[in-house]
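These are the residues of each chain, in order.
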Amino acid sequence: WVIQFFARVSRSGGGHGEFSMQAHIRRHEAKQLLEKSKKWCVFYPNFICVDRTLAQGRKVPKDCCCKNPTTLEMAHIAQALKLEFVIEKYKLHPRSFMLKPNQVVLPGRIRVKLWEKTEDGKKKVINEKAATREDFLKFAGKNIPNLKIRHQRIEMAKKQLQAQEAAAQKAASKKTKGNKKKGKKGKGKGKKGRR
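So, here is what we can say about the structure in this document. Values in this document were obtained by computation on a predicted structure and should not be read as measured data.

When helices and strands are tallied, the chain shows 5 helices and 5 strands. Its helices and strands in sequence order give the chain the pattern α-α-β-α-β-β-β-β-α-α, from N to C terminus. For the chain, the proportion of its 195 residues judged to be buried stands at 30%. For the chain, long-range pairs separated by at least 24 residues make up 65% of all intrachain contacts whose partners lie at least 6 apart in sequence.

Listed below in C-alpha cells is the structure:
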C-alpha cells in the first residue's frame, strides 16, 4: 500500500502514459524509502488516544492526548514539523485485541524520521519540537484537535450518522404502514353458510 500511496501523492499531472512511467519510477523510490524507513520511529494512534489505558498502548499522559486520532492526522503533524514519514495503513497495534466493545479500533501506523546520524555516528535532531519520541507524541496529541482535516472528518461523520438515522426512521415508518391487516369488510358477520 505504501508504494501506491507514494505514487499517488507524487503525481505531477500530465497524461496517463506519463503517470504510469512516473509510477514505475516512484515504486522503485518507494521501495527504497520503505527500506530506509525501517529504522525510523514507529507511532500508532493508540499512543495518543485518550480512551486507551496504559495497558492498551497509551504512551503519554491523558492531558497530552486527543480522542480517536488517525494516522493521517499524525502525518499532518509530522509534515508541519518538516519531518519525513511513511504511512503504513494496514497495520494494527498489537494490543488492539484488548479493546472494550465501545472503543474504536484505530488502524494504521506511521514511521517518522526524528533524527539523522552524523558522520561521527551521533544522532542529530531534525526538529527541536520533536527531539524525542515522547516530545513528538505530546506535540501531536495537543495539536491534532486543531487540525482542519479533523474538523472536516468529524462533520462528515455527523452527516453520515444523521443520514443513517433518517434512513432507519423511514424504513421503520414503512414497516408500520405495511403491517395493517387487509381483508373483507364484515367478515364473520351476517349470514352464515348453508347448512
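Within the largest apolar cluster, 25 residues are counted, with the highest numbers of intra-cluster contacts made by Phe43, Val112, Leu114, Phe136 and Ile144. Of all elements in the fold, only β1 (41–43), α3 (71–80), β3 (109–112) and α4 (133–143) reach the threshold of two or more residues within this core. In terms of residue count, α3 provides more of this core than any other element does, 4 residues in total. Each residue touching phenylalanine 136, except ones within four places of it in the same chain, is listed here: Phe43, Met74, Ile77, Ala78, Leu81, Leu83, Val112, Leu114 and Ala130.

The strand order across the open sheet built from 3 strands is β1-β3-β2, with neighbouring strands paired in antiparallel fashion. Looking along the sheet, the strands with just one partner apiece sit at the ends: β1 and β2 (85–88). Shown here is a sheet whose adjacent strand axes are inclined to one another by a mean of 20°, direction ignored. Packed on one face of the sheet, α3 meets β1, β2 and β3 and runs near 175° to β2.

A separate point is the packing of aromatic side chains. Taken as a whole, this structure holds 2 aromatic pairs when the rule is applied. For the ring pair phenylalanine 43 and phenylalanine 136, a centre distance of 4.7 Å and an interplane angle of 35° mean the geometry is tilted. Remark: phenylalanine 136 occurs in helix α4 and phenylalanine 43 occurs in strand β1; sequence separation between them is 93 residues. When sorted by exposure, phenylalanine 43 lands in the same class as phenylalanine 136, which is buried. Both rings, one in tyrosine 44 and one in phenylalanine 47, keep their centres 5.6 Å apart while their planes meet at 70°; by these two values the pair is edge-to-face. A residue is classified by how much of its surface remains accessible, and phenylalanine 47, at 9% relative accessible area, is buried. Across the ring face of phenylalanine 47, the terminal group of lysine 59 is positioned such that the distance to the ring centre comes to 5.2 Å.

As a further point, take the pattern of salt bridges. In this structure the tally under the stated criterion is 10 salt bridges. Each member of the salt-bridge network shares a partner with another, and the members are Lys36, Glu84, Lys113 and Glu116.

Let us look at a positive patch on the surface. Judged by side-chain charge, Lys39, Lys117, Lys123 and Arg133 come together as a positively charged surface patch. Counting through the fold element by element, lysine 123 comes out in strand β5 (residues 123–125).

Both faces of β3 are covered, namely the face carrying Arg109 and Arg111 and the face carrying Ile110 and Val112. Relative to β3, β1 runs antiparallel, the two being bridged by 3 bridges. Pairing of valine 42 across the sheet is with arginine 111, part of β3. Pairing geometry for β2 and β3, over 4 bridges, is antiparallel. Of the residues in β3, the one forming a bridge with valine 86 is arginine 111.

What follows is about α4. Within α4, the full set of buried residues consists of Phe136, Leu137, Ala140 and Gly141. Angular distribution of buried residues about the axis of α4 spans 125°; they occupy a single face of the element. As for α4, its buried residues are in contact with β1, α3 and β3.

What counts, and at which threshold
- Residues numbered from 1 in each chain as written.
- Predicted model: local features only at pLDDT ≥ 70, side-chain atom pairs only at ≥ 80, totals over all residues.
- Heavy atoms only, no water.
- Helix = DSSP H or I, 4+ residues; strand = E, 2+ residues; numbered from the N terminus.
- Buried < 20%, exposed > 50% of the residue type's maximum accessible area, 1.4 Å probe, protein only.
- Contact = heavy atoms within 4.5 Å.
- Core = buried A, V, L, I, M, F, W, Y, C linked by side-chain atoms within 4.5 Å.
- Pairing = 2+ DSSP bridges.
- Axes fitted to C-alpha atoms, helices over the stretch in contact; angles between N-to-C directions.
- Phe/Tyr/Trp six-rings, centres within 6.5 Å; stacked < 30°, edge-to-face > 60°.
- Lys NZ or Arg CZ within 6 Å of the ring centre and 35° of its normal.
- Salt bridge = Lys/Arg side-chain N within 4 Å of Asp/Glu carboxyl O.
- Patch = residues over 30% accessible without salt bridge, like charges linked within 9 Å, V, L, I, M, F, W, Y side chains within 5 Å.
- Areas by Shrake-Rupley, 256 points an atom, 1.4 Å probe, with all protein chains shown as cover.
- Lys, Arg positive; Asp, Glu negative; His and termini not counted.
- Charge placed at Lys NZ, Arg CZ, Asp CG, Glu CD.
- Arc of directions from axis to C-beta.

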